[in-house]
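Chain by chain, the residues run as shown.
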Amino acid sequence: MLKVKDIRRYLNEHLGEQYPSSELRSFQNWILEFLLDYSTADALMNAEKTLQEETINELERVVQLLVKSKPIQQIFGHAWFYGCKFSVNEHVLIPRPETEELVDWILKDDPNNKSLLDIGTGSGCISISIAMNSSVNVSSLDISENALLMAKENAKTLKTKIHFIHTDIMSDGVLNHLSQYDIIVSNPPYVLESDKQVMADNVIKYEPHLALFVPNENALKFYLKITDIACKTLKPGGILYFEIHELKGKEMVELLKNKGFTQIELKQDMQGKDRMIKALWNV
Ligand code: GLN
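Residues numbered from 1 in each chain as written. Predicted model: local features only at pLDDT ≥ 70, side-chain atom pairs only at ≥ 80, totals over all residues. Heavy atoms only, no water.

**Description of the nonpolar core**
Core analysis: the largest hydrophobic core is formed by 36 residues, its most contacted members being Ile184, Leu240, Phe242 and Met252. In terms of residue count, the dominant contributor to this core is helix 10 (residues 221–233) (5 residues). Excluding residues within four positions of it along the chain, Phe242 makes contact with Leu102, Ser186, Pro188, Tyr223, Ile226, Thr227, Met252, Leu256, Arg275, Met276 and Ile277. Core analysis: the next-biggest nonpolar cluster, separate from the first, contains 28 residues, Leu107, Val138, Ala151 and Phe164 among them. (Core = buried A, V, L, I, M, F, W, Y, C linked by side-chain atoms within 4.5 Å. Buried < 20%, exposed > 50% of the residue type's maximum accessible area, 1.4 Å probe, protein only. Helix = DSSP H or I, 4+ residues; strand = E, 2+ residues; numbered from the N terminus. Contact = heavy atoms within 4.5 Å.)

**What to know about the pairing of strand 11 (residues 274–281)**
For strand 11, a buried count of 7 out of 8 residues is recorded, marking the element as mostly surrounded by other parts of the structure. Bridging between strand 9 (residues 234–243) and strand 11 involves 6 bridges; their strand directions are antiparallel. When the bridges of strand 11 are listed, Phe242 appears paired with Ile277. Taken together, the 5 bridges between strand 10 (residues 262–268) and strand 11 define a ladder with antiparallel strand orientation. For Thr262, the partnering residue across the bridge sits in strand 11 and is Leu280. In sequence, strand 10 turns back onto strand 11 through a hairpin of 5 residues, with Gly272 there showing a positive phi of about 80°. (Pairing = 2+ DSSP bridges.)

**Notes on the site of the ligand**
In the vicinity of the ligand, the contacting residues are Leu93, Arg96, Glu98, Asn187, Pro188, Pro189, Tyr190, Val191, Ala211, Leu212 and Glu243. Here Asn187 contributes a side-chain N or O atom positioned 2.8 Å from a nitrogen atom of the ligand. Tyr190 has a polar side-chain atom sitting 2.8 Å from a nitrogen atom of the ligand. The protein chains hide 87% of the 300 Å² of surface that the ligand would expose on its own. Taken together, the residues of the shell around the ligand break down into 7 nonpolar, 1 polar and 3 charged. (Near = heavy atom within 4 Å. Polar contact = N/O pair within 3.5 Å; in protein donor to acceptor, adjacent residues only side chain to side chain. Areas by Shrake-Rupley, 256 points an atom, 1.4 Å probe, with all protein chains shown as cover. Nonpolar A, V, L, I, M, F, W, Y, C, P; charged D, E, K, R; others polar.)

By themselves these figures say nothing about function.
See below:
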């Protein structure tokens, strides 16, 4: 007989060796919310309540998937980002807190009444969050049709109007799909192939490699191409924003300078790592 208060012990027994206790606490909160619709306060008040058989079955199922390192966001099918719930699956990157900081930066720069293109939109978390918090005219692009399906679902659930573009930015005809924009933003793949060895199983086994990895010898390939696209599709006075690899700050400043961008600003994330960059197109 398992009670509400036993969930933590159950998680400890099955996952204690695999995950740190901070993560177990977070799993516990997800499980209470998703299986029982309980807040942490509800869980305390109902600590002595016996779990029903179907709840126990569901708990076992979730724990078995966590043992296999499946990300909890994929198990439950959603992730929180900038205050909203986004659906996620194996075709999109799980939204990261660093990316919330990028969204926050753009919103603080007041994108109202401007046009914005999000390149490599994935779940749509960047462009949908900006659209929800401003009156910006948004286009979101991705190479993956499956990612676009997810982004479209999120745009619908979160009641935002987005123009979706399915194309490969590395292809020759990409400009035919685009127009002119005030803002371009992108969080393209930037994790080095060589980092695969040291990355956690939950990322390596379950998140889309297409959205994550770049060859070590050409680590900035998407940044180069997107910057070229920005030179052709940003209006004068337009701004380009990127999320970047923490070790590529200086190289990114050089890249943008060489392409003719000005007022380049590199910004650190909450962990103090170079994580975002913005630059002005005034040509
Ligand atoms: N920030 C992501 C990570 O740490 C990577 C995102 C990306 O490659 N664009 O896994």
